[in-house]
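# Fold and contact review
Here is what each chain is made of, one letter per residue.
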Amino acid sequence: NAGVTQTPKFQVLKTGQSMTLQCAQDMNHEYMSWYRQDPGMGLRLIHYSVGAGITDQGEVPNGYNVSRSTTEDFPLRLLSAAPSQTSVYFCASSRGLAGGLGEDEQFFGPGTRLTVL
Amino acid sequence: ILNVEQSPQSLHVQEGDSTNFTCSFPSSNFYALHWYRWETAKSPEALFVMTLNGDEKKKGRISATLNTKEGYSYLYIKGSQPEDSATYLCAFPGSYNTDKLIFGTGTRLQVFP
């Protein structure tokens, strides 16, 4: 099992450009999520999905879109990149029991380091 | 808005010292608490998921306790080693029917040989 994979590992964008960060998992997990990590801020939830076709907003969703057409994939789209979106982005997945994910540990991908100039 | 607080923010100890740090969370509607270990340049990895008041979990030299009534969990490392150097995160999903895992800002541990 590859677990959770993310591409690219590094990306530099100019302000206003758009791009998609890819995330895939091969563990048949229902729950997937995107976090950003900024110094002193810890991990903040951007968007999450409890299953194919279902997505919802986290703490910091502005400027990002997601979709979940398959169980395996959960891409994160930056619509018009801004310097404030410079960060490290982590995708995570978990089994996700119906009604809540409290008991299920999250498995994290290796991260994507994004710089917006 | 859930508030998950960790203390201290950072900790420097000598090899062989034992150490502990705290995660505080809202005590109402408790369902579970997660602990993750995050080494520099790697991804967070789960250590424990704790669900029962009074629960104690152990993995090698690392253990954790949980007090849901007062809203805190302690993580202990016995005989710290340089390879224990990492940021330790706790995360709180709140009540049973929430789908959001909220992370604390972490305790950064450095163990000097």
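Scope of this entry: the structure provided in the associated data block. (Residues numbered from 1 in each chain as written. Chains lettered and ligands numbered in written order. Predicted model: local features only at pLDDT ≥ 70, side-chain atom pairs only at ≥ 80, totals over all residues. Heavy atoms only, no water.)

Here the focus is the state of the cysteines. Residue and element names in this part refer to chain A. Taken as a whole and assessed by the stated rule, the structure comprises two disulfides over all chains. Here Cys-23 is linked by a disulfide to Cys-91, with a sulfur-sulfur distance of 1.8 Å. Taking the torsion about the sulfur-sulfur bond, which here is approximately -70°, the covalent link between Cys-23 and Cys-91 counts as left-handed. With Cys-23 in strand β3 (residues 19–25) and Cys-91 in strand β9 (residues 87–94), this pair connects stretches of sequence that are 68 residues apart. Judged on exposure class, the residue Cys-23 and its partner Cys-91 are both buried. (Disulfide = S-S within 2.5 Å. Helix = DSSP H or I, 4+ residues; strand = E, 2+ residues; numbered from the N terminus. Buried < 20%, exposed > 50% of the residue type's maximum accessible area, 1.4 Å probe, protein only.)

The subject of this paragraph is the sheet that holds strand β8 (residues 72–77) of chain B. All names here are of chain B. Spatially, five strands are ordered β1-β3-β8-β7-β6 in an open sheet, and the strand pairing comes out antiparallel. Each edge of the open sheet is held by one strand with a lone partner, namely β1 (5–7) and β6 (56–59). Taken over all neighbouring pairs, the strand axes of this sheet differ in orientation by 15° on average, direction set aside. Across three bridges, the pairing between β1 and strand β3 (residues 19–24) is antiparallel. From the neighbouring strand, Gln-6 faces β3, where its bridge partner is Cys-23. (Pairing = 2+ DSSP bridges. Axes fitted to C-alpha atoms, helices over the stretch in contact; angles between N-to-C directions.)

If you look at the interface, chain B gives 23 residues, while chain A gives 25 residues. Together chain B and chain A conceal approximately 1900 Å² of surface at their shared face, both sides included; 62% is due to carbon and sulfur atoms. Broken down residue by residue, the surface that chain B buries against chain A is led by Trp-38, Asp-99 and Phe-103 of chain B, which jointly contribute 27%. Summed over the shared surface of chain B and chain A, the result is two residue pairs in polar contact (both at pLDDT 80 or more). Mapped onto the side of chain B that touches chain A, the elements with two or more residues apiece are β4 (33–38), β5 (45–50) and β10 (102–103) of chain B. The biggest single contributor to the side of chain B that touches chain A is β4 of chain B, with three residues. Its residues assigned to classes, the side of chain B that touches chain A comprises 13 nonpolar, seven polar and three charged. (Contact = heavy atoms within 4.5 Å. Buried area = accessible area lost by both parts, 1.4 Å probe. Polar contact = N/O pair within 3.5 Å; in protein donor to acceptor, adjacent residues only side chain to side chain. Nonpolar A, V, L, I, M, F, W, Y, C, P; charged D, E, K, R; others polar.)

Let us look at the sheet that holds strand β8 (residues 76–78) of chain A. Residue and element names in this part refer to chain A. Strand order in the open sheet formed by four strands is β1-β3-β8-β7, with antiparallel pairing between adjacent strands. Both edges of this open sheet fall to β1 (4–7) and β7 (64–66), since each of them pairs with a single strand only. Mean inter-strand twist for the sheet, computed between neighbouring axes without regard to direction, equals 20°. Direction of pairing for β1 relative to β3: antiparallel, over a ladder of four bridges. Within β3, the residue paired with Thr-7 across the bridge is Gln-22.

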